[in-house]
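Remarks on the overall topology
Listed here are the chains, written in short residue letters.
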Amino acid sequence: MNSNRIIMKKQLTSLVILPLLLVACAGGGQKRLTVEVQGMTDDSLICSYFSPATVRERGDMTTFMVGGERQGDKITFSIDMPDNQQVYKVFLAPQNFRADGPHQNMELFLLPGETPYVQAVYEPKSKRIDYTLQGSDDQQRWFDFQKTYDSVQLQLDLLNFAAIMMSPQGLAPEDSIFVAMKRLQEQIDSIKSEYVGANPSDAVSAFVLTTFPNNARFDSLYALTDDRVKQGPLKEWLDLQKELADRANASQKAREAVVEGAQAPDFTLTDVDGKSFTLSSLYGGGKYIVLDFWGTWCSWCMKGMPDMKKAYEQYRNRLEIVGIDCGDKEEVWKKSVEKLQLPWVNVRAEGDDIPVLFGVEAFPTKLVLDPQGAVVARITGEDPAFYTLLDSLATK
């Protein structure tokens with residue numbers, strides 16, 4: 001599975017993330033949001049929210065069901081949040097949300113002191129929900145701005161759904177649907193870019209910037225805006241996005257350097273027993289070395305561990321594995337290593353320095369090194385190609 005397929009898989013699965021993260025949970029703070037839906041048969045609404053702190057800790061968004069009060073064909077939902085001063089990013093969707101129709105979910109920010117009122121009409125034939133927002137002037141203008149590319153977004157949503165049905169594991173760059181989706185996304189990005197470029201002092205530009213991926217386009221647009229945008233209500237979100245963009249740029253440069261044949265960067269980290277481990281200490285021992293970048297929060301990482309253990313047992317005379325945990329707290333990491341009974345060297349990367357040093361952009365990522373520390377291959381995702389490679393190396 002190549003990196004383009006991984007990226008596309010992430011884009012496609014964004015439409016079905018809400019049901020997958022559904023947990024039993026309830027808010028316990030002040031009412032921050034009221035939602036009124038007409039024509040919906042469900043009596044519950046899915047509400048998901050997260051904050052910049054959640055993203056930095058690689059945590060899951062909090063997701064819970066909100067029960068509504070029905071009056072005729074209208075249902076009213078009142079939603080509270082734990083912290084009235086926190087800026088939350090919120091996603092709303094009906095209980096039966098399955099990404100089988102366009103415009104089923106809504107995204108908005110909850111700013112301190114705001115209590116937005118959302119009205120929506122559900123259209124059962126198209127499975128579409130039309131939302132209107134009564135909130136702050138800036139957020140309403142952002143909501144209205146999104147309507148300028150609504151028709152293009154609708155086409156993209158429908159292609160997204162078709163792609164999921166055709167190829168749940170993602171599309172290759174040459175696939176016609178992939179090409180069409182990329183073209184539509186570029187149209188949307190151009191509309192957004194033009195707005196930010198023409199309105200560098202408008203608070204709405206801050207909302208628009210939060211919808212860009214963390215890439216060079218975000219960097220260039222962010223640089224155009226002034227302090228009224230950068231220091232405004234969404235400052236913490238924009239700061240986070242700038243951090244992620246800088247990290248992505250550094251990781252991309254490292255990825256271009258840590259390629260087949262290049263010497264892997266050396267590092268020293270603390271292992272699960274509290275001892276210092278240096279990668280180069282394994283060089284010259286005659287064994288191939290696998291650097292496995294993983295985390296307990298990564299479902300595919302966890303699913304792949306049984307096969308990794310089988311491969312290690314089979315090839316341990318020719319192979320060393322170094323598991324590099326990323327994004328977990330120390331206690332969680334240690335308990336997981338013990339529970340999974342991982343028999344290889346286990347170290348933990350505190351922060352993002354080591355993943356960035358190796359150009360890791362997705363998890364799991366495995367770098368295979370020769371016995372002297374030169375890169376043999378980089379494999380992203382839980383890909384059978386990794387085990388095929390181990391088979392071939394074992395015969396050398």
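The structure displayed is predicted, hence computed values, not measured ones. (Residues numbered from 1 in each chain as written. Predicted model: local features only at pLDDT ≥ 70, side-chain atom pairs only at ≥ 80, totals over all residues. Heavy atoms only, no water.)

**Focus on the state of the cysteines**
Convention followed: Criterion for a disulfide: a pair of cysteine sulfur atoms within 2.5 Å. Exposed residues in this analysis have more than 50% of their type's maximum accessible area, buried residues have under 20%, and partly exposed residues fall in between, with area computed by a 1.4 Å probe over protein chains only.
Tallied over the entire structure, the rule returns 1 disulfide. Covalent S-S linkage joins Cys298 and Cys301, the inter-sulfur distance amounting to 2.4 Å. The sign of the S-S torsion, about 80°, decides the handedness of the disulfide formed by Cys298 and Cys301: right-handed. According to the relative accessible area criterion, Cys298 is buried, its value standing at 6%. Lacking any disulfide linkage, Cys326 is separated from the closest cysteine sulfur, that of Cys301, by 8.7 Å. Given a relative accessible area of 0%, Cys326 falls into the buried group.

**A look at the confidence of the model for the chain**
Keep this limit in mind: The predictor attaches a confidence to each residue, and that confidence, scored 0 to 100, is pLDDT. The contact definition used throughout considers only heavy atoms, calling two residues in contact when any of these lie within 4.5 Å.
Model confidence for the chain is summarised by a mean pLDDT of 87, while 89% of its residues fall at 70 or above. Predicted confidence is poor over residues 1–28, with pLDDT under 50, and the contacts of this stretch with residues over four places away or in other chains come to 63 contacts.

**With respect to the pairing of strand E2 (residues 44–50)**
In plain terms, the rule: What counts as a helix is a DSSP run of H or I of at least four residues, what counts as a strand is a run of E of at least two, and both are numbered from the N terminus. When DSSP finds two or more bridges between two strands, those strands count as paired.
Burial runs high along E2: 7 of the 7 residues are buried. Of the two faces of E2, both are covered, the one formed by Ser44, Ile46, Ser48 and Phe50 as well as the one formed by Leu45, Cys47 and Tyr49. As judged from the 6 bridges shared by E2 and strand E3 (residues 62–67), these two strands associate in the antiparallel manner. Bridge pairing in E3 places Ser44 opposite Gly67. In the sheet, E2 pairs with strand E6 (residues 88–94) via 6 bridges, with the strands oriented antiparallel. Paired with Ile46 across the bridge in E6 is Ala93.

**Description of the sheet that holds strand E13 (residues 319–326)**
To be explicit about the condition: A fitted line through C-alpha atoms represents every axis, and for helices the fit uses only the stretch in contact; the resulting angles, taken between N-to-C directions, go from 0 to 180 degrees.
The strand order across the open sheet built from 5 strands is E14-E13-E12-E15-E16, with neighbouring strands paired in mixed fashion. Two strands close off the open sheet at either side, each with one partner strand: strand E14 (345–349) and strand E16 (375–380). Strand-to-strand twist of the sheet, defined as the mean angle between neighbouring strand axes without regard to direction, takes the value 20°. When strand E12 (residues 288–294) meets E13, the two strands line up parallel, connected through 7 bridges. Bridging from a neighbouring strand, Ile289 pairs with Glu320 of E13.

**Re the packing of helix H8 (residues 216–224) against helix H10 (residues 235–257)**
Rule in force here: Comment on the angle field: the value is read as roughly parallel under 35 degrees, roughly antiparallel over 145, roughly perpendicular from 65 to 115, and oblique elsewhere. Each crossing gets its handedness from the near helix: less than a right angle anticlockwise from the far helix is left-handed, clockwise is right-handed.
Between H8 and H10, the shortest axis-to-axis distance is 9 Å and the interhelical angle comes to 135°. Between H8 and H10, the angle is such that the two are oblique. The element H8 and its partner H10 pack so that their crossing is left-handed. Two secondary-structure elements touch here, H8 through Phe218, Asp219 and Tyr222 and H10 through Leu238, Asp239, Gln241, Lys242, Ala245, Asp246 and Asn249.

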